[in-house]
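Coordinate inspection notes
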Amino acid sequence: MRAALTPSAFRAAWDHLDLGAMPIVLHAPESIVEHAGPDPWLGKALHQLAFPTLALDVRLGIGSTSTRAMVVASGIRAVLTRDEVVIDEVGDMTAALVELVPETGLRAWFGAIAVNDNGRRHRIDAIVDEDITRQALKGRIDALLDTIRSKVSE
């Protein structure tokens, strides 16, 4: 499944579902749009983004625009640009982020989030500011994911 919304409609749906604080990487400004509740698939996807047990995120600056994205272990990814929020189903968490980065000239901030059984939230960040192949980048993000998983199990 896939849904594409304006940032305003995304915020309105989030608020309609009363999901609380929006992850900073997906933060969309307050909505002045009245919006009916989202369809069941989108509502479930937003709930998974609001309360992840394991997630990866990326903040990319590409020219005068930026792209922010978050993918959760359940296979939901949200990609926020200035004009649109696309929510879709993905397979591999790391690959879902790596495919968003440009081939060269990468400057990105990656993060990994995990919540342990007691509800304690852990976060690790990594900044990549170098030319790196997508395969090498995937390896670094996979290592970040392994690190956050080990922190949660401590």
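Refer to the structure presented above.
In short, a report on the structure. Here the structure is a predicted model, which means the values were calculated and not measured.

Cut-off values and rules
- Residues numbered from 1 in each chain as written.
- Predicted model: local features only at pLDDT ≥ 70, side-chain atom pairs only at ≥ 80, totals over all residues.
- Heavy atoms only, no water.
- Axes fitted to C-alpha atoms, helices over the stretch in contact; angles between N-to-C directions.
- Helix = DSSP H or I, 4+ residues; strand = E, 2+ residues; numbered from the N terminus.
- Parallel < 35°, antiparallel > 145°, perpendicular 65-115°, else oblique.
- Contact = heavy atoms within 4.5 Å.
- Nonpolar A, V, L, I, M, F, W, Y, C, P; charged D, E, K, R; others polar.
- Core = buried A, V, L, I, M, F, W, Y, C linked by side-chain atoms within 4.5 Å.
- Buried < 20%, exposed > 50% of the residue type's maximum accessible area, 1.4 Å probe, protein only.
- Salt bridge = Lys/Arg side-chain N within 4 Å of Asp/Glu carboxyl O.
- Expected span 1.5 Å × (residues − 1).
- Arc of directions from axis to C-beta.
- Polar contact = N/O pair within 3.5 Å; in protein donor to acceptor, adjacent residues only side chain to side chain.
- Phe/Tyr/Trp six-rings, centres within 6.5 Å; stacked < 30°, edge-to-face > 60°.
- Lys NZ or Arg CZ within 6 Å of the ring centre and 35° of its normal.

Here helix α1 (residues 7-16) crosses helix α2 (residues 40-50) at 80°, and the two axes come no closer than 10 Å. One finds that α1 runs roughly perpendicular with respect to α2. Contacts from Phe10, Ala13 and Trp14 in α1 reach Leu46, Leu49 and Ala50 in α2. Tallied by class, residues from the contact of α1 with α2 come to six nonpolar, no polar and no charged.

What follows is about unusual backbone geometry. A positive phi angle, near 55°, is found at Asp18, a position not held by glycine. Tracing the backbone through its elements, the reader meets Asp18 in the loop between α1 and α2.

Residues Phe10, Trp14, Leu26, Leu46, Leu49 and Ile87 are the most contacted members of the largest nonpolar core, which totals 26 residues. Elements that contribute at least two residues to this core include exactly β1 (2-5), α1, α2, β3 (65-72), β4 (76-80) and β5 (85-89). Considering every element that reaches this core, the biggest residue donor is α2, with six residues. Those residues in contact with Trp14 that lie beyond four places of it in its chain are Leu19, Gly20, Ala21, Met22, Pro23, Leu46, Leu49 and Ala50. Residues Val90, Ala108, Ile132 and Leu144 belong to the second largest nonpolar core, which totals 25 residues.

With that out of the way, let us pick up the pattern of salt bridges. Enumeration according to the criterion identifies nine salt bridges in this entry. When the shortest N-O distance is used, the salt bridge between Arg11 and Asp15 registers 3.2 Å. With Arg11 and Asp15 both in helix α1, this residue pair falls four residues apart, about one helical turn. Looking at Arg11, the relative accessible area reads 9%, which means it is buried.

Further remarks concern helix α4 (residues 134-153). For α4, which comprises 20 residues, the first-to-last C-alpha distance of 29 Å matches the rise-based estimate of 28 Å (1.5 Å per residue) to within 8%. Taken together, the buried positions of α4 are occupied by Leu137, Ile141, Leu144, Leu145 and Ile148. The buried residues of α4 occupy an angular sector of 100° when the element is viewed end-on, so they sit on one face. Seen from the open side of α4, the exposed residues pointing more than 90 degrees away from its buried face are Gln135 and Ser153.

Take Asp57: it is sitting in strand β2 (residues 54-62). Polar contacts involving the side chain of Asp57 include one to the side chain of Arg123, which spans 2.8 Å.

Any two aromatic rings considered together are summarised by their centre-to-centre distance and by the angle between their planes. On inspection of all chains with the given rule, the structure shows one aromatic pair. When the ring of Phe10 is compared with that of Trp14, the centres are 5.9 Å apart and the planes differ by 50°; the resulting orientation is tilted. One end of the pair is Phe10 and the other is Trp14, both in helix α1 and four residues apart, which spans about a single turn. Summarising the burial analysis for this pair, Phe10 and Trp14 share the class buried. The ring of Trp109 has Arg59 sitting right over it, with the charged end atom 5.2 Å from the ring centre.

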